[in-house]
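# Close look at the chain arrangement
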Amino acid sequence: MIQIAVLGFGTVGSGVVELIDKNQDVIRSRFPEGIHVKYILDIREFPDSPYADRIVHDMKVILEDPEIAIVCETMGGKEPAYSFSRAALEKGKSVCTSNKELVAAYGPALIQTAADHNCSYMFEASVGGGIPVIRPLLSALTQEKITSILGILNGTTNYIMTRMENEGMSFEDVLKIAQEKGYAERNPEADVEGHDACRKIAILSSLVTGKTVRYEDIPCEGISKITTEDMKYARAMHMAVRLLGMSRQTENGAVYVRTAPFLVPEEHPLHNVSGVFNAVFVHGNMVDNLMFYGRGAGKLPTASAVTADVLECARNIGRHVPVKWSDEVLQLSDPKSESRQFFVRVDAAEKDLALSLFKAAQEVRAEGLEGEFAFVTEEQTEAEFERKAASLSTLKNRIRLLDLEK
Ligand SMILES: NC(=O)c1ccc[n+]([C@@H]2O[C@H](COP(=O)([O-])OP(=O)(O)OC[C@H]3O[C@@H](n4cnc5c(N)ncnc54)[C@H](OP(=O)(O)O)[C@@H]3O)[C@@H](O)[C@H]2O)c1
């Protein structure tokens, strides 16, 4: 029997313990030795839990028990998650985590520590919750040159976008409902301003390039400026607004990474990803397009991804499962040199000026929206667009269009 410890008995941690219990027969049918949760580390006591006798409060108990081969870090945050993970790896105990904040900040260092101590650092659940996307990228797609990743990587913002789109509700009203339902945190900034999606696209970009894509280097915009009017125009254009994490490698080696709301045409598979669901759309130079779709969060889906890592580590006790992700920082291409079309809204009074700046502008009309001029620009660089848009004094919003060809 492989003995493991779970750090943090919250949503994900309690899911891991429950899953290993409920699916023990399934696990044993594929891994006959079985997996047993020996310790659960948390700050609190859980007197009513069936696992109350496994709760410990001192990490030393776990570190100093030679029976513990694998540790699941489901506490979240940087500290003490980083120190605990590093200490476990230094003792030769593999670590499986759902903590994207930690992976985005310290991924390569922790992978190296694992390599130095013949154990593994795994983080499938840190991107896309229950969706297996990291393992396919690292194993089933190793023969591919991955040229593009587009991800709906945050369920909270996708839920907000979908309800605004379907029910004509304002951003503020849907956010309130999302908070009441527990989909959004009381402080929703990390989700709605795009930081969470940005960390996830940084992790995926790092795995695809093998170098470190720092999330601090990625231009990041959230959804808080998207209005019900934008949604009406989107519908008129047969498009949907989606917060995307985007990572693209061009033929000349330029790498563009960005997190922002995009208008997604109905022909694109990401257009129909709605509610709390997540999806990652990958293009490989040989396999063509792939899409991974599922629940990007939640107790049991996320626990499923953590447990998949536990089983992988259990099959490789005493060995390091390599992950190609060096600490060399990848210089991203200048985001202002990327080109695309933009959707723009200004006051009707600025129509002539807008048309003189954007000569091939195509007007967009939506029912019930008067007094403004909305249009889609010709393809141009971000720099060119910004220069022209600076002359528009009544700019209400601008949203990038997703190009089906890129
Ligand atoms: N929830 C999801 O659906 C989901 C999906 C994907 C990834 N994740 C990631 O998974 C991680 C965990 O998320 P979660 O939603 O499960 O969080 P959570 O419900 O807040 O659980 C964290 C648990 O860890 C405990 N804890 C915090 N600091 C500790 C310490 N120093 N020592 C021992 N225990 C400590 C917390 O105790 P207190 O409650 O007393 O603070 C809590 O019980 C986060 O990184 C999150 O981003 C979550």
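All values reported here derive from a predicted model rather than from experimental measurement. (Residues numbered from 1 in each chain as written. Predicted model: local features only at pLDDT ≥ 70, side-chain atom pairs only at ≥ 80, totals over all residues. Heavy atoms only, no water.)

### Observations concerning the site of the ligand
For clarity, the threshold we go by: Summary of the distance rule: residues count as near a molecule or strand when at least one heavy atom falls within 4 Å of that molecule or strand. N or O atoms closer than or at 3.5 Å make up a polar contact, with two conditions inside protein: a donor-capable atom paired with an acceptor-capable one, and, for residues adjacent in sequence, both atoms drawn from side chains. For the accessible areas, the method is Shrake-Rupley and the probe is 1.4 Å, while residue cover comes only from the protein chains on display. Residue polarity is assigned by list, with Asp, Glu, Lys and Arg as charged and Ala, Val, Leu, Ile, Met, Phe, Trp, Tyr, Cys and Pro as nonpolar; anything else, Gly included, falls into the polar class.
Inspection of the region around the ligand gives 20 residues, with T11, V12, D42, S98 and G298 positioned closest. One of the side-chain nitrogen or oxygen atoms of S98 is found 2.7 Å away from an oxygen atom of the ligand. Take G298: an N or O atom from its main chain is 2.6 Å from an oxygen atom of the ligand. The protein chains hide 71% of the 890 Å² of surface that the ligand would expose on its own. Here the shell around the ligand is built from residues that sort into 8 nonpolar, 9 polar and 3 charged.

### Some thoughts on the pattern of salt bridges
To keep it simple, the criterion reads: Salt bridge, as used here: a side-chain nitrogen of Lys or Arg that lies within 4 Å of a carboxyl oxygen of Asp or Glu. A run of H or I in DSSP counts as a helix once it spans at least four residues, and a run of E counts as a strand once it spans at least two, with each numbered from the N terminus. Under the scheme applied here, a residue whose accessible area is under 20% of the maximum for its type counts as buried, over 50% as exposed, and between as partly exposed, the area being computed with a 1.4 Å probe on protein chains only.
Taken as a whole and judged by the stated rule, the model has 29 salt bridges. The shortest N-O distance in the salt bridge between E221 and R398 comes to 3.1 Å. Placement of the pair is E221 in the loop between α10 (195-209) and α11 (228-236) and R398 in strand β17 (residues 397-401), with a sequence separation of 177 residues. One salt bridge connects R345 with D230, and the closest N-O pair in it is separated by 2.7 Å. Taken together, the positions of R345 in strand β13 (residues 342-347) and D230 in helix α11 put the pair 115 residues apart, joining distant regions of the chain. Since its relative accessible area comes to 5%, R345 is described here as buried. Here D230 falls in the buried class, since its relative accessible area comes to 1%.

### Concerning the sheet that holds strand β1 (residues 2-7)
Formally: At least two bridges found by DSSP between two strands is the condition for calling them paired. We call two residues in contact when some of their heavy atoms are within 4.5 Å. Fitted lines through C-alpha atoms serve as axes, helices being fitted only where they are in contact, and the angles separating the N-to-C directions of these axes extend from 0 to 180 degrees.
Taken in spatial order, the 6 strands make up an open sheet running β3-β2-β1-β4-β5-β6, and their pairing is parallel. The open sheet has two edge strands, β3 (55-56) and β6 (121-122), and neither has a second partner. Pairing of strand β5 (residues 94-97) with β6 involves 2 bridges; the strand directions are parallel. Bridging from a neighbouring strand, V95 pairs with Y121 of β6. Against the sheet, helix α4 (residues 81-90) contacts β1, β2 (35-41), β4 (68-73), β5 and β6, and its axis sits at roughly 145° relative to β5.

### As for the domain arrangement of the protein
Cut-off, in case you're wondering: Residue ranges for the domains originate in an automatic or database domain assignment. Once two parts are put together, the accessible area they lose, assessed with a 1.4 Å probe and summed over both, is termed the buried area.
Taken domain by domain, the protein holds domain 1 (2-130 + 300-314), domain 2 (134-295) and domain 3 (335-401). Each of domain 1 and domain 2 was reduced to a C-alpha centroid, and the two centroids are 27 Å apart. Taken together, the contact between domain 1 and domain 2 spans 19 residues of the former and 14 residues of the latter. The junction of domain 1 with domain 2 conceals about 1300 Å² of combined surface from both sides, 63% of it contributed by carbon and sulfur atoms. On the domain 1 side of the interface with domain 2, the three residues burying the most area are A104, E124 and V127, jointly 38% of the side's total.

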